[in-house]
Amino acid sequence: MKIAFVIHRYAESIVGGSEFHCRRIAEEMASRHEVEVLTTTAVDYVTWKDGFPAGVETINGVKVRRFRIKAKRNLVHFKEISDLCFYEKGHTADDEREWVRANGPETPDLVQYIKDHKAEYDAILFYSFRYYPSYFGLLEAPEKAILVPTAEEDAAVHLSIFADYFNRPAGALFLTPEEQDLVGRVAHGVLPPSDIIGFAVDVPPALDAAAFRAKHRLTNPYLLYVGRIDRNKGCDGLFRYFVEYDRRKTHDIDLVLAGTKALDIPNHTRVKYLGFLTDKEKFEALEGSQLMVMPSPYESLSIVVLEAWAMGKATLVNGLCKVLRGQSRRSNGGLFFNNFSEFCEGLDFMLENPEIREAMGRSGKQWLNENFSWTRLLDKIDGLIGRTIKRP
Amino acid sequence: MKDAALLEQWKTAPRVDDIMRYIQKRIDDRRRTGILYDDEIRTELGIWLTEVLADRPAYDSTLQHYMDTLGDWRLQLHPHLGTHRGRIGRIFVWIKHRLIYPPLRWIVEQVEVNAWRQDRLNLNLMRILEETVVENGRLKARVARLEQAEAERSPAPPEEKPGP
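Here the structure is a predicted model, which means the values were calculated and not measured.

1. A look at the overall build of chain B
Then, in step 1: Each helix and strand in chain B was counted, giving five helices and zero strands.
Then, in step 2: Within chain B, the fraction of its 164 residues that count as buried is 6%.

Encoded structure:
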């Protein structure tokens, strides 16, 4: 089969959740099928600034076709149209389509290419419903489309245009049961055939956590956060909670942060920022930690939480995020908090009961191994394509 | 099952739902017996208020709009009155400077004083809100304690006899 993936950004250096998910699945699918990625020249997820040349290249054995972006994101206009669509009741469906256009990255050439060349592909996987390429691209080839919405419980998913949009593709792939439930509710219970795929984790070989700790002078036990350090990821709340927790001096623990910084980090002796880590360093940081924290209220699938479980580490996650709470309960791999009291008690419990904490890490790892593997995941995608898309 | 037995069991088979119930019970016990510490209520409230105040997209976008579109949005406190119209122009400047500017200045000062008063009022309202939440927490804990003491003191109700 010849399969296309449509995604707003694509590169080895891009670490965003849906982009990483798409790249790894495209690379694994390339061992079974002819795979091509249709994407943009964008490198920056805020402004969609160009960073890659338009045209065709090969990344890890996958053919990548890039299309030029018509215009960078106008942040003032995007905020105004967001305010209109999310807070004003009188807005129209055209306003919402304008929101998708303003959200970008606006690539009419990519959409035109899908319209002109869709017959060449057996199936097209569209990633992330909220972005221009997937929204407008899918509407040009719904009969060949498998949507991977990567939907989160935020304001965008409840825009009225998406109720119909979620019914249009031939099939849909979800990352978690919570996401499937959310999209089903938005689409008024009418969904195309679908499956839940999750994600498989690859742990790099030859990790050396002791050397990593020594290199970064991490002498105290630490709670680890890995990911974009951003208000949208709940990091501002995490900082307030941790600083206040530390003021009580119940346990001797540091908060270690790794990832791209989009928010000021408090100048506090117990908060340590390591910057951006390589994949191997990230797993070493996980291995050296006491537990991993994920404060994000919006996640369609937290890959880093799965990575923590792959390393046998327990997690402490934001319980307001249904996906994180559901994953924790299904795997028994970690606790969740809904407020400051639960954050303190949960962290105290983990630190006071190291044997239970380690048992939770083991439980998370076992759940991951039993439910997510590349073979199982690729079989599910092939199965859904076979069931839903008619081939000549 | 006793807490110690549960903790022992979770060392081999952790159950997140049960552990979360155990943690919630610890929080509730602390609230009931020690009364939820005032500083904890204050912290919770402070964090909540900060989050509410931080989540203001309309204000955010308005500010963004002003900062992006107007280069001269900063306050200019001293009026720079001048003219290119010669003698007649100087008359207009005199009128603006002597007749229009003083009452305008008085109005601006009034607005400033009122804004300051409003700010004080807002602050006091927030303090009242904070005190109300703290007092509500105290009262709830006190009622729970009294109810528990009452339940322990009063004898079990007699069993109802079946009718004829």
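Still to come is the rest of the account.
2. Focus: helix H15 (residues 374-388) of chain A
Residue and element names in this part refer to chain A.
Then, in step 1: Taking 1.5 Å of rise per residue, 15 residues should cover 21 Å, and H15 covers 21 Å from first to last C-alpha, within 8% of that figure.
Then, in step 2: Residues of H15 that are buried include every one of Leu-377, Ile-381, Leu-384, Ile-385 and Thr-388, and no others. Seen end-on, H15 carries its buried residues on one side only, within an arc spanning 100 degrees. Across from the buried face of H15, at angles greater than 90 degrees, the exposed residues are Thr-375, Gly-386 and Arg-387.
Then, in step 3: In this structure, the buried residues of H15 make contact with strand S5 (123-127), strand S6 (145-148), strand S7 (171-174) and strand S8 (194-196).

3. Side note on the pairing of strand S9 (residues 222-226) of chain A
Residue and element names in this part refer to chain A.
Then, in step 1: With five of five residues buried, S9 lies mostly within the body of the structure.
Then, in step 2: Because side chains alternate across S9, one face comprises the buried residues Tyr-222, Leu-224 and Val-226, and the other comprises Leu-223 and Tyr-225, equally buried.
Then, in step 3: In terms of strand pairing, S9 meets strand S10 (residues 254-258) through five bridges, oriented parallel. Residue pairing in the sheet places Tyr-225 in a bridge with Leu-257 of S10.
Then, in step 4: Here S9 pairs with strand S12 (residues 291-294) via two bridges, running parallel. Residue pairing across strands places Leu-224 opposite Met-292, the latter belonging to S12.

4. Considerations on the domain arrangement of chain A
All names here are of chain A.
Then, in step 1: The domain boundaries assigned to chain A delineate domain 1 (2-200 + 373-388) and domain 2 (209-371).
Then, in step 2: Taken over C-alpha atoms, the centre of domain 1 sits 29 Å from the centre of domain 2.
Then, in step 3: Contacts between the two partners involve 15 residues from domain 1 and, on the opposite side, 11 residues from domain 2.
Then, in step 4: Among the secondary structure elements, those contributing two or more residues to the side of domain 1 that touches domain 2 are helix H1 (17-29) and helix H7 (177-186).

5. Concerning the nonpolar core
Then, in step 1: Counting residues in each nonpolar core, the largest one holds 120 residues, and the members touching the most others are Phe-5, Val-6, Leu-125, Phe-126, Ile-146 and Leu-224 of chain A.
Then, in step 2: For Phe-5 of chain A, the residues in contact, after removing those within four places along its chain, are Cys-22, Ala-26, Val-35, Val-37, Leu-125 and Tyr-127 of chain A.

6. Section: unusual backbone geometry
Then, in step 1: Residue Pro-105 of chain A follows Gly-104 of chain A across a cis peptide bond; omega there is -10 degrees.
Then, in step 2: A positive phi angle, close to 55 degrees, is found at His-188 of chain A, a residue other than glycine.

7. Quick look at the packing of helix H2 (residues 75-87) of chain A against helix H3 (residues 93-103) of chain A
Residue and element names in this part refer to chain A.
Then, in step 1: At their nearest, the axes of H2 and H3 sit 9 Å apart, and the two run at 150 degrees to each other. Here H3 runs roughly antiparallel to H2, going by the angle between their axes. Every pair of crossing elements has a handedness; the one defined by H2 and H3 is left-handed. Side by side, H2 and H3 meet where His-77, Phe-78, Ile-81, Ser-82, Leu-84 and Cys-85 of the first sit next to Asp-95, Glu-96, Glu-98, Trp-99, Ala-102 and Asn-103 of the second.

8. Observations regarding the pairing of strand S3 (residues 55-59) of chain A
Residues and elements named next belong to chain A.
Then, in step 1: Counting buried residues along S3, only zero of its five residues qualify, which leaves the element largely exposed.
Then, in step 2: Pairing geometry for S3 and strand S4 (residues 62-67), over five bridges, is antiparallel. Paired with Gly-55 across the strands is Arg-66, a residue of S4.
Then, in step 3: Connecting S3 to the antiparallel partner S4 that follows it, the hairpin turn spans two residues, and Asn-60 within it adopts a positive phi of roughly 50 degrees.

9. A word on the packing of H7 of chain A against helix H12 (residues 322-331) of chain A
Residue and element names in this part refer to chain A.
Then, in step 1: Contact geometry for H7 and H12: axes closest at 8 Å, N-to-C directions at 140 degrees. Relative to H12, the element H7 lies oblique. Of H12, the residues touching H7 (which contributes Pro-177, Glu-178 and Glu-179) are Lys-322, Val-323 and Gly-326.
Then, in step 2: Its residues assigned to classes, the contact of H7 with H12 comprises two nonpolar, one polar and three charged.

Criteria and cut-off values
Residues numbered from 1 in each chain as written. Chains lettered and ligands numbered in written order. Predicted model: local features only at pLDDT ≥ 70, side-chain atom pairs only at ≥ 80, totals over all residues. Helix = DSSP H or I, 4+ residues; strand = E, 2+ residues; numbered from the N terminus. Buried ≥ 20, exposed ≤ 12 C-beta atoms within 10 Å, placed from the backbone. Expected span 1.5 Å × (residues − 1). Arc of directions from axis to C-beta. Contact = placed C-beta atoms within 7 Å. Pairing = 2+ DSSP bridges. Domains from an automatic or database assignment. Core = buried A, V, L, I, M, F, W, Y, C linked by C-beta atoms within 7 Å. Axes fitted to C-alpha atoms, helices over the stretch in contact; angles between N-to-C directions. Parallel < 35°, antiparallel > 145°, perpendicular 65-115°, else oblique. Left-handed = near helix turned anticlockwise from the far one by under 90°. Nonpolar A, V, L, I, M, F, W, Y, C, P; charged D, E, K, R; others polar.

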